[in-house]
Amino acid sequence: GAVVSQHPSWVICKSGTSVKIECRSLDFQATTMFWYRQFPKQSLMLMATSNEGSKATYEQGVEKDKFLINHASLTLSTLTVTSAHPEDSSFYICSASATDRDNEQFFGPGTRLTVL
Amino acid sequence: SQKIEQNSEALNIQEGKTATLTCNYTNYSPAYLQWYRQDPGRGPVFLLLIRENEKEKRKERLKVTFDTTLKQSLFHITASQPADSATYLCALKRGTGGFKTIFGAGTRLFVKA
């Protein structure tokens, strides 16, 4: 159990367009979802934390108007990169946790975003 | 600021040997520490968790130690296999004020046949 999926697994877009990435907990209800970004050979950097039905909490330095997070249900959170630019190219990873699973984080497979 | 340090250089070992990876942290008092495996282009996969009141944890060929005085964790893979080749991430989690996990940059392990 505790499977988290992401869609798409990779995406290529033109500069200035918006891209939406979905994160789903497939076999459990996630009370909290996290979004991370990882550049090559670097650590996962937490971007934001979201609880179902409430606004996401963004980490310092992360633009909330650029990285829109919606957590509409206990099994789905979306990250929309608005007006993407080449510097937004990165590996985006979500994770989900639940209070009835000891708040352990289960990670998705990641989404590779390339902005041309 | 809070900092987690892992060996940035890749670790190359021969199959069958024990691999030892180090994680050091500063300005942080974690409730527990976790180790993850990450393969290229994939999300992290949870391996082991060790709590602040535990000295050592084992799981099959894996062993983790946690020294809160030294602010250090060691991760051992015994009888290593080429399939163990991956990046191993150390992560710390606070015990209060939320469940934010902070990751190290990881150490790349290569096991040669």
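Everything discussed here concerns the structure shown above.
On a predicted model such as this, the values are computed, not experimentally measured, just so you know. (Residues numbered from 1 in each chain as written. Chains lettered and ligands numbered in written order. Predicted model: local features only at pLDDT ≥ 70, side-chain atom pairs only at ≥ 80, totals over all residues. Heavy atoms only, no water.)

Brief notes about a nonpolar patch on the surface
Then step 1. Taken together, the side chains of A:Trp10, A:Ile12 and A:Leu116 present a nonpolar region at the surface, about 390 Å² in accessible area.
Then step 2. Positionally, A:Leu116 belongs in the segment after strand S11 (111–115). (Patch = residues over 30% accessible without salt bridge, like charges linked within 9 Å, V, L, I, M, F, W, Y side chains within 5 Å. Areas by Shrake-Rupley, 256 points an atom, 1.4 Å probe, with all protein chains shown as cover. Salt bridge = Lys/Arg side-chain N within 4 Å of Asp/Glu carboxyl O. Helix = DSSP H or I, 4+ residues; strand = E, 2+ residues; numbered from the N terminus.)

Let's talk about the side chain of A:Ser25
Residues and elements named next belong to chain A.
Then step 1. Examined against the element boundaries, Ser25 turns out to sit in strand S3 (residues 19–25).
Then step 2. On the accessibility criterion, Ser25 (4% relative accessible area) is buried.
Then step 3. Side-chain polar atoms of Ser25 contact the backbone oxygen of Leu74, separated by 3.4 Å.
Then step 4. Leave out the neighbours within four places in its chain, and Ser25 touches Val3, Val4, Ala30, Met33, Leu74, Thr75 and Ala96. (Buried < 20%, exposed > 50% of the residue type's maximum accessible area, 1.4 Å probe, protein only. Polar contact = N/O pair within 3.5 Å; in protein donor to acceptor, adjacent residues only side chain to side chain. Contact = heavy atoms within 4.5 Å.)

Some thoughts on the pattern of salt bridges
Residues and elements named next belong to chain A.
Then step 1. Scanning all chains against the criterion turns up 7 salt bridges over all chains.
Then step 2. For Arg24, the salt bridge identified is with Glu22, shortest N-O distance 3.4 Å.
Then step 3. The exposure class of Arg24 is partly exposed, given its relative accessible area of 33%.
Then step 4. Under the relative-accessibility criterion, Glu22 is labelled partly exposed at 25%.

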